[in-house]
Amino acid sequence: MIKRPRRLRKTEILRKMVRETRIDQASLIYPMFVRDGEGIREEIPSMAGQYRYSVDRMYEELEKLSDAGVGAVMLFGIPDHKDEKGSQAYAEDGVIQRALWEAKKRFPDLYYITDVCLCEYTSHGHCGMLKGCEVDNDSTLELLAKTALSHVQAGADMVAPSDMMDGRVGKIRTVLDAEGYEDIPIMSYAVKYASGFYAPFRDAAKSAPAFGDRKSYQMDYHNSREGIKEILLDEEEGADIVMVKPALAYLDMIAKAKEATNLPIAAYSVSGEYAMIKAAAEKGWIMEDQIVCETAVAAFRAGAQSYLTYYAKELAGFIKEGRIG
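Residues numbered from 1 in each chain as written. Predicted model: local features only at pLDDT ≥ 70, side-chain atom pairs only at ≥ 80, totals over all residues. Heavy atoms only, no water.

### Points about helix H8 (residues 251-260)
Here is step 1 of the chain: Buried residues of H8: Met 253, Ile 254 and Ala 257, and no others. Taken down its axis, H8 places every buried residue within 105° of arc, on the same side.
Here is step 2 of the chain: Of the surrounding elements, those touching the buried residues of H8 are strand E9 (187-192), helix H7 (225-237), strand E10 (241-245), strand E11 (265-268) and helix H10 (288-302). (Buried < 20%, exposed > 50% of the residue type's maximum accessible area, 1.4 Å probe, protein only. Helix = DSSP H or I, 4+ residues; strand = E, 2+ residues; numbered from the N terminus. Arc of directions from axis to C-beta. Contact = heavy atoms within 4.5 Å.)

Written out as structure tokens, the structure reads:
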């Protein structure tokens, strides 16, 4: 035989030399839950090893991330008070706003991205303003832009709208530019499916809808061309990065996104993916470290350039060890 592919698999050095997919710690983003209150570090029952932190204790996790080499954090806020208009999302002293002030003081070298949505802040749990039992798109845009602006004024380095309202990227871009924040990038949750993989997150963020579901604004998981339409629309409106969410069951969409746009692609390995790996590992059915590495590499191999994951600290360690990357 002339052609023997195994020649290039013979040693570890050679395998790494010809590796097609490269990952480094700078590509990792850690999603973190911050809640109102004091002295709180409470484990999330459906996400073993993940916690909700009050602002005065979030430094404990930020320090671990910094030490591990994870440079970026995505903040999700959990307020004590919720109302129909999600007013704590854009309150000057809201939980995310206070978290940003404190984090910037203690760990100024970390990069802070904020989730811009209303579901954690509304009494009904939907991602926008209600008109009867329907989520009203256009009235929601004003509050999303107001929320994004308040985050940036508090110190956010990037905003990430996750609501899936039509036109929200353009509205946020217009408002930020008008206020002199034209250099703040927007990471759009462009391809966000109505997915069962979000269940543990809704437990973590206490954001399950009080009635109905989110299928009128999040995407039907049967569709792929619709996802490309969303990407192209968000690109036109000023998105700087587009995200595919969830990651593991939608690797095809990550690959299609890479072909459709020159914008950087982010993939979010969501709470359900994390919970499944944790549960199976606790049963002894899988090797947790190996599965974490494989699923991460799968997202990058498909075309992602950044990866939001609750395993960010562990993956940073695996990269440092040379196990992946």
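### Points about the packing of helix H9 (residues 271-282) against H10
For any two helices packed against each other, one specifies the crossing angle of their axes together with the interaxial distance.
Here is step 1 of the chain: Contact geometry for H9 and H10: axes closest at 10 Å, N-to-C directions at 155°. Judged on the interaxial angle alone, H10 and H9 are roughly antiparallel. Between H9 and H10 lies a crossing of right-handed hand. Contact residues: H9 offers Ile 277, Lys 278 and Ala 281, while H10 offers Glu 288, Ile 291, Val 292 and Thr 295.
Here is step 2 of the chain: Classifying every residue of the contact of H9 with H10 gives four nonpolar, one polar and two charged. (Axes fitted to C-alpha atoms, helices over the stretch in contact; angles between N-to-C directions. Parallel < 35°, antiparallel > 145°, perpendicular 65-115°, else oblique. Left-handed = near helix turned anticlockwise from the far one by under 90°. Nonpolar A, V, L, I, M, F, W, Y, C, P; charged D, E, K, R; others polar.)

### A short note on helix H11 (residues 312-321)
Here is step 1 of the chain: Residues of H11 that are buried include every one of Ala 312, Leu 315, Ala 316, Phe 318 and Ile 319, and no others. Angular distribution of buried residues about the axis of H11 spans 160°; they occupy a single face of the element. In H11, the exposed positions that point more than 90 degrees away from the buried face belong to Lys 320 and Glu 321.
Here is step 2 of the chain: Contact partners of the buried residues in H11: strand E1 (28-35), helix H2 (58-68), H10 and strand E12 (306-308).
Here is step 3 of the chain: Once H11 ends, the next one or two residues include Gly 322, with phi positive near 85°.

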